[in-house]
Amino acid sequence: MLVVQRLDGRIHNREGFDCGEPSLNRYLHELATQHHRAGVATTHVLVENEMPSTILGYYSLAAAQLSLSELAQADRHRLPRHPVPVARLARLAVALGEQGHGLGESLLQDVVKRCLGLRTELGVHALLVDALHDRAATFYRRYGFRETAADALTLYLPLGNAGQGKP
Ligand SMILES: CC(C)(COP(=O)(O)OP(=O)(O)OC[C@H]1O[C@@H](n2cnc3c(N)ncnc32)[C@H](O)[C@@H]1OP(=O)(O)O)[C@@H](O)C(=O)NCCC(=O)NCCS
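Parameters at a glance
- Residues numbered from 1 in each chain as written.
- Predicted model: local features only at pLDDT ≥ 70, side-chain atom pairs only at ≥ 80, totals over all residues.
- Heavy atoms only, no water.
- Helix = DSSP H or I, 4+ residues; strand = E, 2+ residues; numbered from the N terminus.
- Rg over C-alpha atoms; globule rule 2.2 N^0.38 Å.
- Buried < 20%, exposed > 50% of the residue type's maximum accessible area, 1.4 Å probe, protein only.
- Contact = heavy atoms within 4.5 Å.
- Near = heavy atom within 4 Å.
- Polar contact = N/O pair within 3.5 Å; in protein donor to acceptor, adjacent residues only side chain to side chain.
- Nonpolar A, V, L, I, M, F, W, Y, C, P; charged D, E, K, R; others polar.
- Salt bridge = Lys/Arg side-chain N within 4 Å of Asp/Glu carboxyl O.

Asks: How do you make sense of the overall build of the protein when you look at a structure like this?
Replies: Secondary structure assignment for the protein yields three helices and seven strands. Secondary structure elements of the protein occur, N-terminal to C-terminal, as β-α-β-β-β-α-β-α-β-β. Relative to the compact-globule value of 15 Å for 167 residues, the protein shows a C-alpha radius of gyration of 16 Å, a close match. Projecting the C-alpha coordinates of the protein onto the three principal axes gives extents of approximately 45 × 35 × 30 Å. For the protein, the residues scored as buried account for 37% of the 167 residues in total. Of the contacts formed within the protein by residues at least 6 apart in sequence, a portion of 63% connects residues at least 24 apart.

Asks: What is the right way to look at the site of the ligand in this model?
Replies: For the ligand, the set of nearby residues contains 23 residues, the closest of which are Val94, Gly100, Gly102, Gly104 and Glu105. The separation between an oxygen atom of the ligand and a polar main-chain atom of glycine 100 is 2.9 Å. Contact distances for the ligand include 2.7 Å between an oxygen atom and a backbone N or O atom of glycine 102. Among the secondary structure elements, those contributing two or more residues to the shell around the ligand are β4 (84-94), α2 (103-118) and α3 (134-141). Here the shell around the ligand takes five residues from α3, the largest share from any one element. Within the shell around the ligand, the residues separate by chemical class into 12 nonpolar, seven polar and four charged.

Asks: Help me out: how do you make sense of the pattern of salt bridges in this one?
Replies: If the charged atoms of two oppositely charged side chains come close together, the side chains can form a pair. Counting across every chain of the model gives six salt bridges. Salt-bridge contacts for arginine 10 lead to aspartate 8; the nearest nitrogen and oxygen are separated by 2.9 Å. Given a relative accessible area of 76%, arginine 10 falls into the exposed group. Note that arginine 146 is salt-bridged to aspartate 75, the shortest N-O span being 2.6 Å. Taken together, the residues span a long stretch of sequence, with arginine 146 in strand β6 (residues 146-147) and aspartate 75 in the loop between β3 (57-66) and β4 at a distance of 71 residues. What makes arginine 146 partly exposed here is its relative accessible area of 38%. Take aspartate 75: its relative accessible area is 16%, and that puts it in the buried class. Where salt bridges share partners, they join Asp134, Arg141 and Glu147 into one cluster.

Following this line, the structure appears as structure tokens:
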């Protein structure tokens, strides 16, 4: 069974991960644990329950904010005039041999679920992502991510009114 776990260097083999994108490999190999400890970003890995050392994919999340003017006009409705709190999907990657089998989509679903869960503790209006390149932006657009006003590679997904629980 596939599970998403918080990155733990004692269990997960970071060095063995290769998604074909050097900057995303390097982040997991060298920085993710350090950033996690420092509260800069959390990293979550996708593994097979019975072989947790092999990282099949990962994502990193951090708190961020987005200026109201970056949102499409229709998405500004009823928002206050100050920056909007968002979660930044700082990185998302799937191991080379596993790409194209739906794991990227599963990881993205897990990110959205986690962000909706966070909303019981902290305002998180949308999920923000900086796509590495146009191919990656195409992947995110499939799932409803919209371009920000300033940059076609910076996209956001409004999280709607779900997941807030009853006040
Ligand atoms: C981009 C990435 C995360 C997608 O993960 P994946 O497991 O290969 O994707 P999935 O199998 O879940 O694909 C889901 C859908 O997106 C499509 N898709 C996958 N990669 C895509 C891409 N680069 N561009 C456009 N569409 C893509 C698939 O065709 C699939 O659609 P389908 O169900 O109609 O066939 C993965 O390929 C990867 O890690 N690439 C290298 C690193 C990278 O570029 N990361 C993005 C950083 S911003």
